[in-house]
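Chain residues, written in single-letter form:
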Amino acid sequence: MSGPASGSGIALALAVLEEVARGGPTLSANRIAQLLGMPRASAYRLINSLTSDEYLLRHPTLDGFVLGVRVVELAHLIAPRTADPTPEIIAALRERTGEAVHFVRYPGGRVVIVDEDPDLPLLSIDRTRRQLGATAIGRLLLAEFPPLEATVDPVAARVVADSARASGISIDERLRIASEIERLGYAWCTEPGAVARACIAVPVRSPEGELVAAVVLSTVGAERDRVARHLGALLDASAELAHRAYAVDPQRG
Amino acid sequence: MSALSDAIARRTPDASLGTISPLHGLRRGSVTTLDLVAQSVAAVAPAGGLLILTGGLVERTGSFAFVALLLTTVAVILVALAMSIFARRISAAGGIYTFVTRGLGPAAGMVAGVALLLGYAGVSIDTLRSAVRRIDAAFGGTSRWASDGFASTLLVIGIGAAVTAVIALGARMSTRVMLAVEAVVVVALIAVSVTVFAASGWNLAGIVPEAGSAPSLPSFAEGIGFALVCFVGFESGAALGPESRRPLAAVPRALVWTVGSVAAVYLFGVLAQLSAVAGGREASLLTEADLAANPWLDPVVHAVVAASWIACTLACTNALVRLVFTMAREGVLPRALGRTSARFATPHVAALAAGTVLVIGTLLLVSAGRDSLYRDVVHLAESMAFIIAYLAVCAAATPYLVRIREFSLREAWPALLGTLALAGVAATEMLAEAADDATALCILIALVAAATIAHLLRVRSGRGFAGRIGAYDTPVASDAISSGAPARRS
């Protein structure tokens, strides 16, 4: 057997719900069993148990099932009830600036790219993650954990230090980056050459002042002025994100 | 994005479903699993059953009493499992009537439906009559079939009115009170059984039947039929399904719990009896000698048994009301009976009608006396009607599974086996009854046949009637979220 049929009970249950969502109320229990490659008797038992818990409802006139409103409850167990405002804020920023805008998070001292602008993607996701000194995104993270200083998150500090050492950044270099970012309040970086770019990363901080994410804007062409004029918009977006997405329930992940 | 998360994100009601259920007006989710069990247990009235069963069964089948009861228990569990096949899929106030209609079509459905109408009415009337007699006895009355008592008439009307009011007002506490009464009585009877058991030195020899004293096959079958009667009503919890929370999970559970616990009580009671018989005592839990030794015991026993019978009347009338309500919603019975109270969300018109039938029927029974044909018909309805309904629901389960294309032997075997077992019991009971009291049997069969033929003629006449029968509580648009997939039949 392949696919969901070899999975766990919960995976099977979700696979049944997915089939019903895709196939609509004309899909019989027998057909669902066929589609999932399950033995019929166990498929019927699973479907009946989903029906008795009212995740599925039997359609009275067609020979199939519909999704019960309880699946919405099920979804709320996994995802928060209030919608994440981040995509909306980032979309508005892209609209307002007309430039490429990315959104990243920094869980546990690592770079996670949450929303990469499809119109002007990052040059290299791998480089952004590993070569912290080479991008505005990475420099912001480096500056958060200045070397030889006490930190509230020693595990994250260790991860950042290891990344910096692996990409050959010296302690002096790190201290220089940290002091520059402390002075400016944001990180910036230019990339001269054939694919010239300028990039600016504004931190999003939790109520405790920790770096949780960054709003990143990059332009074609390496002129610093071109990115700097969007600074106001970036700072607004960062403040709004800190207020709406991280104020009540600080999310690190 | 998956189709599932897409559907959850959009969260639009499913427009392929109707906006109201055929059973609209009843309050969904107002009844708990405990209430379902209370309804079923009260309808079975195990306390009354235990008092009758122990003596009666040992008298009919002798040393085979335990075996007979064990076989009966197995048969009833098969019926409960066959019903669960339906109860896991549809939630119907009509109970077995709706299930059989869905599985075997309108003709068989009507046979089961009329049988149940007669059965529930018969049990309600007979238990109300017995309750009144017990109350009379508790206050020192001696004549067992007094027909002239003014007090009896008042009691019948009073209790009948109270039962009607409780059902119409939806007093949920009532069944719970009745469950508590049953529990106390059963515990008391078990305590008596334990005493009896202990007095005979926990003699378990009674389980093993003595081959030499085997009863004749008819009397053995009669014993099984008799024991089966002590379980009737266990299925009535299904009638409250549409009003319960998660009915498709709660109803099957309540059915099996009821059968299991009632069976355990009966088996223990009969075991104690057989132990007493082996010890040379009478085959009844409380002997004349016990009662003579404790003068206070007699009125207490009468009062407690009366309470148990009133619980049974209430529960059976309740199931009867739901059945009448369902048939009225379908148009089988006058539409007015299908109305619900806006304030109490109960089928109050059907309750009033059933209450009236209960009071008139009981008064007739009181005045008709012991040797009347009417009493014979009522008594026969209490057993035969349920055996027919149970046979029908077992037979309907497999065709239903095939019809909805969900047949699997793993689920269907109890229903198949149950069909065979119940067919055997029904045939033997019919033969025994035909030899014993053919007139009552003929009247019963004539009633069922006439109603079924009339029903079939109406179904065949068209006018959209066929589409309405077999009504159950269907999901409505707001219960479901639309998947976005086309709802057309492929």
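Reading the values: rules and limits
Residues numbered from 1 in each chain as written. Chains lettered and ligands numbered in written order. Predicted model: local features only at pLDDT ≥ 70, side-chain atom pairs only at ≥ 80, totals over all residues. Heavy atoms only, no water. Helix = DSSP H or I, 4+ residues; strand = E, 2+ residues; numbered from the N terminus. Buried < 20%, exposed > 50% of the residue type's maximum accessible area, 1.4 Å probe, protein only. Contact = heavy atoms within 4.5 Å. Areas by Shrake-Rupley, 256 points an atom, 1.4 Å probe, with all protein chains shown as cover. Lys, Arg positive; Asp, Glu negative; His and termini not counted. Charge placed at Lys NZ, Arg CZ, Asp CG, Glu CD. Disulfide = S-S within 2.5 Å. Pairing = 2+ DSSP bridges. Axes fitted to C-alpha atoms, helices over the stretch in contact; angles between N-to-C directions. Expected span 1.5 Å × (residues − 1).

## Side note on the overall build of chain A
When you go through chain A residue by residue, the secondary structure sums to 11 helices and seven strands. Seen through its principal axes, chain A has C-alpha atoms that stretch 70 × 40 × 40 Å. By the burial criterion, 49% of the 253 residues in chain A qualify as buried. Considering only contacts within chain A whose residues lie at least 6 apart along the sequence, 56% involve residues at least 24 apart. Carbon and sulfur atoms make up 53% of the accessible area of chain A, which totals about 12,300 Å². Averaging the coordinates of the 27 positive side-chain charges in chain A and doing the same for the 31 negative ones gives two points 4 Å apart.

## Let's talk about the overall build of chain B
Of regular secondary structure, chain B possesses 17 helices and one strand. Principal-axis analysis of the C-alpha atoms places the extent of chain B at approximately 75 × 50 × 45 Å. Buried residues in chain B amount to 54% of all 490 residues. Looking at chain B alone, contacts between residues at least 24 apart form 85% of all its contacts between residues at least 6 apart. Counting only carbon and sulfur atoms, one obtains 68% of the accessible surface of chain B, whose full area is about 19,500 Å². Averaging the positions of the 34 positive and the 28 negative side-chain charges in chain B gives two centres separated by 16 Å.

## Here we look at the state of the cysteines
Scanning all chains against the criterion turns up zero disulfides over all chains. With no disulfide of its own, A:C199 lies closest to A:C189 among cysteine sulfurs, the gap being 6.7 Å. B:C394 forms no disulfide, and the closest cysteine sulfur to it belongs to B:C230, at a distance of 19 Å. Given the relative accessible area of 1%, B:C394 is considered buried.

## Points about the sheet that holds strand β5 (residues 187-191) of chain A
Residue and element names in this part refer to chain A. What the five strands build is an open sheet, ordered β4-β3-β7-β6-β5; its pairing is antiparallel. Strands at the two margins of the open sheet, each flanked by one partner only, are β4 (112-115) and β5. Adjacent strand axes in the sheet meet at a mean angle of 25°, parallel and antiparallel pairs treated alike.

## Details of helix α2 (residues 33-44) of chain B
In an α-helix, one full turn covers 3.6 residues, which means residues spaced three or four apart are oriented alike. All names here are of chain B. With 12 residues, α2 ought to run about 16 Å at 1.5 Å a step, and its terminal C-alpha atoms sit 17 Å apart, in line with that. Within α2, 10 of the 12 residues are buried, which leaves it mostly tucked inside the rest of the structure. The set of residues buried in α2 consists of D35, L36, V37, A38, Q39, S40, V41, A42, A43 and V44. Looking at the residues trailing α2, positive phi occurs at A45, about 50°.

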